[in-house]
Amino acid sequence: MRLNGVVSATPPILEIRGLRKSFHHVEVLRGIDLSVAPQELVFIIGPSGSGKSTLLRCCNRLEEPTGGSIRIDGVDIMARSTDINAMRRRIGMVFQSFNLYPHMTALGNVALALVKVLRRPRKEAERVALAALDRVGLSEKAAAYPAELSGGQQQRVAIARALALEPKLMLFDEPTSALDPELVGSVLNVMRELKRGGMTMLVVSHEMRFARDAADRVIFLDHGAIVEEGPPEQIFSQPERTRTRAFIADIAR
Amino acid sequence: MEFHSAFLEAFFKWELIQRYFPAIMKGVGVTIEIAAAVVFTGICAGLALAVIRAFRARSINVVIVLFADAFRALPPLVLVLLVYFGLPNLGINLPSFAVLWIVLSLVLAAFCEEIFWAGILSIAKGQWEAARSTGLTFVATLAYVVLPQAVRLTVPPITNRTIAITKNTALGTVIGVGEILNQATTAQSFSGNATPLMMGAIAYVILFIPVVVLGRFIETRFRWRRA
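What comes next concerns the included structure. Sequence order sets the numbering: in each chain, residues are counted from 1 along the sequence as written. A letter from A marks each chain and a number from 1 marks each ligand, given out in the order of writing. For a predicted model such as this one, the threshold for reporting local features is a pLDDT of at least 70, and the threshold for listing and counting side-chain atom pairs is 80 or more; totals across whole chains, interfaces and linings nevertheless cover every residue. The basis for every side-chain value is the complete set of non-hydrogen atoms in the structure, without hydrogens or water.

### Some words on the overall build of chain B
Definition in use: Think of it this way: any DSSP run of H or I at least four residues long counts as a helix, any run of E at least two long counts as a strand, and we number them from the N terminus. Taken over C-alpha atoms, the radius of gyration is set against a globule rule of 2.2 Å times the number of residues to the power 0.38. Relative accessibility decides the category of a residue: with a 1.4 Å probe and only protein chains considered, values under 20% of the type maximum give buried, values over 50% give exposed, and everything between is partly exposed. Throughout, a residue-residue contact means that at least one pair of heavy atoms, one from each residue, lies within 4.5 Å. Under the convention used here, a 1.4 Å probe and the Shrake-Rupley method define accessible areas, while residue burial counts only the protein chains that appear. We count Lys and Arg on the positive side and Asp and Glu on the negative side, and we leave His and both chain ends out. Charge positions are represented by NZ for Lys, CZ for Arg, CG for Asp and CD for Glu.
Tallying secondary structure elements over chain B gives nine helices and zero strands in all. For chain B, the succession of helices and strands along the chain, N to C, is α-α-α-α-α-α-α-α-α. Taking 2.2 N^0.38 as the reference for a compact globule, 227 residues should give roughly 17 Å; the C-alpha atoms of chain B span a radius of gyration of 22 Å, well beyond that estimate. Projected onto the principal axes, the alpha-carbon positions of chain B cover approximately 75 × 55 × 25 Å. Across the 227 residues that make up chain B, the buried fraction comes to 42%. In chain B, the share of contacts with a sequence separation of at least 24, taken over all contacts with a separation of at least 6, comes to 78%. Put simply, chain B shows about 11,800 Å² of open surface, and 70% of that area lies on carbon and sulfur atoms. When the 17 basic and 10 acidic side-chain charges of chain B are each reduced to a single mean position, those positions are 14 Å apart.

Okay, here's the thing in structure tokens:
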């Protein structure tokens, strides 16, 4: 596999080796190798059922891999000695369906892990949570319940919930797929802002325009294996492999 | 006109109302005590069982499911008689009040366990995943994310079931617990008139209507703001 130029100098934040995942007898991931360098934004594209989400969900062990290794900041997250809960708070995750807690305010959603995981005093947790909401432009919605927010606002609160824990890596699982088209922009802007702030991100998404202007690298996944990877210009304009070309043509329609 | 006075004579005889009012009130007190005790222990035990079940330890869950199914299937009267007349043969002598309390608590716990469990299952997988992805443990996720939502969802069925089970305090009459019905039937057999039974019926209505209203209040109160 092509070694990425960005990776060479600094140790990677995320290092996946030979990752395999089977559901019953169906092999969804068939030996994935992937490194993500600090501050890199890596985009994963591919047809539905190609294993994109599963790959992402293995990175914080929401899915248990069946083989291979995953290191986050040098720590093997599969090792018996690794406290997965301690690792998870350093890996932010944003879901397609937001998954905000409906019985808590926006502030409560963001503050929960600060209080219950990091054991911060309530006052301090709320200060940190408010700062996180401010980063996604929603500090004035702190007292609102999820049901009172638009989809775009809910997703930004979900991003703030992950950000508040100061993660080393953020995983985005189709963050804009459940949004009305006019709300997509606000979420992508927050992601651009994160990128500018130096956040390391692994993104599964169909927002190709966003991939073109924000991604450092694009990975094309098909049938549980990486078919091709490279800078966005190359993947989108001059893909080398026929399968990649067919997929790009399909989504460009 | 004749029927009218015959009706009053049969169900609302004034001198009997006066004579048996204190006894019925005593019964009301006993019924409230048992009902309150049953509601508290039954709901707590049901919630505890549902929480234990959430850990999905197979052998423990088999026991919980067997318990819940058996106690939901059996008529409470059968259980009351079985425990009241069976335990003394094992050398365990419980006062009839305690027998009624324990049996009804177990029945309520069995129903509540199933309702709370259904509530826990109804919480979307994404809620678990979101909480776990921020580093919350299984127990913390259950306590702060899943149960608060599940319990709110289950307030209406729990209220209904609680009312249905607490009405079974009337079964205490067959083992001599001095609750409303027991006082009423005793008075009826002494007086040969159904007035005390009517007083008992009215007492049940007065007692349980507020509970129904309270249930409705809790239901609206506990619902979080939705769009």
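Now that the structure is up, let's keep going.
### Things to note about unusual backbone geometry
Residue and element names in this part refer to chain A. Located in the positive-phi region is Phe 98, a residue other than glycine, with phi close to 65°. Here Phe 98 shows up in the loop between β6 (91–94) and α3 (106–116). Judged by its relative accessible area of 10%, Phe 98 is buried. At Asn 99, a position not held by glycine, the phi torsion is positive, near 55°.

### What about helix α6 (residues 181–196) of chain A?
All names here are of chain A. Condition: Helices are assigned an expected span. That span is 1.5 Å times one less than the residue count. Here, the arc refers to the directions that run from the helix axis to the C-beta atoms.
If you check α6, its first and last C-alpha atoms are 24 Å apart, about what 16 residues at 1.5 Å a residue would give, namely 22 Å. Taken as a whole, α6 has its buried residues at Val 184, Val 187, Leu 188, Val 190, Met 191 and Leu 194. Projection of α6 onto a plane perpendicular to its axis shows the buried side chains occupying an angular sector of 155°, all on one side. In this structure, α6 carries Glu 182 and Arg 196 as exposed residues pointing more than 90 degrees from its buried face. Of the surrounding elements, those touching the buried residues of α6 are α4 (122–135), α5 (151–163), β7 (169–173), β8 (201–204) and α7 (208–214).

### Some details on the sheet that holds β6(A)
All names here are of chain A. The condition is simple: Criterion used throughout: strands pair if DSSP finds at least two bridges between them. For helices, the fitted line uses only the C-alpha atoms of the stretch in contact; every axis is such a line through C-alpha atoms, and the angle between N-to-C directions lies from 0 to 180 degrees.
Overall, mixed pairing links the six strands, which are arranged β6-β7-β8-β3-β9-β10 in an open sheet. Sheet topology places β6 and β10 (225–230) at the edges, where each strand pairs with a single neighbour. For this sheet, the mean angle separating the axes of adjacent strands, direction not counted, is 20°. On top of the sheet, α5 reaches β6 and β7; it is set at about 170° to β6, its chief contact.

### Notes on the nonpolar core
The tendency in soluble globular proteins is for nonpolar side chains to be buried as a group. Note the threshold: To form a nonpolar core, buried Ala, Val, Leu, Ile, Met, Phe, Trp, Tyr and Cys residues must be joined to one another through side-chain atoms within 4.5 Å.
By size, the foremost hydrophobic cluster in this structure holds 93 residues, and its most contacted members are A:Ile45, A:Ile159, A:Met170 and A:Leu202. In terms of residue count, α3(A) provides more of this core than any other element does, eight residues in total. When residues no more than four places from it in sequence are discounted, the contact partners of A:Met170 are A:Gly92, A:Val94, A:Ile159, A:Ala162, A:Leu163, A:Leu194, A:Met199, A:Thr200, A:Met201 and A:Leu202. Core analysis: the second largest hydrophobic core is formed by 37 residues, B:Val80, B:Leu100, B:Leu108 and B:Trp117 among them.

### Looking at the interface of chain B and chain A
Counted only if it meets this: Values labelled buried area give the accessible surface lost by two parts on being combined, using a 1.4 Å probe and summing over both. Salt bridge criterion: a side-chain nitrogen from Lys or Arg within 4 Å of a carboxyl oxygen from Asp or Glu. Pairs of N or O atoms are called polar contacts if they sit within 3.5 Å, as long as, within protein, a hydrogen donor faces a hydrogen acceptor (for residues adjacent in sequence, only side-chain-to-side-chain pairs). In this count, Pro and Cys sit with the nonpolar residues alongside Ala, Val, Leu, Ile, Met, Phe, Trp and Tyr, while Asp, Glu, Lys and Arg are called charged and the others, Gly among them, polar.
Contact with chain B, which involves 21 residues of that partner, is made by 24 residues of chain A. Counting each side, the surface lost to burial between chain B and chain A is near 2,000 Å², with a carbon and sulfur contribution of 59%. Scanning the region where chain B abuts chain A turns up one salt bridge. Applying the counting criterion to the chain B and chain A interface returns five residue pairs in polar contact (both at pLDDT 80 or more). Taken together, the elements giving at least two residues each to the side of chain B that touches chain A come down to α6 (125–133) and α7 (138–166) of chain B. The dominant element in the side of chain B that touches chain A, judged by the number of residues it contributes, is α6(B), at eight residues. Considering only residue class, the side of chain B that touches chain A consists of eight nonpolar, seven polar and six charged.

### Here's the deal with the pairing of strand β2 (residues 26–36) of chain A
Residue and element names in this part refer to chain A. Relative to β2, strand β1 (residues 14–23) runs antiparallel, the two sharing eight bridges. By the bridge assignment for β2, Arg 20 is matched with Arg 30. Taking the residues between adjacent antiparallel strands as the criterion, β1 and β2 are bridged by two residues, where His 24 takes a positive phi near 55°.

### Description of the environment of B:Arg56
Residue and element names in this part refer to chain B. Structurally, Arg 56 can be placed in the loop between α2 (14–54) and α3 (58–73). Taking relative accessible area as the criterion, Arg 56 reaches 58% and is therefore assigned exposed. Setting aside residues no more than four positions away along its own chain, Arg 56 makes contact with Asn 61, Trp 117 and Leu 121.

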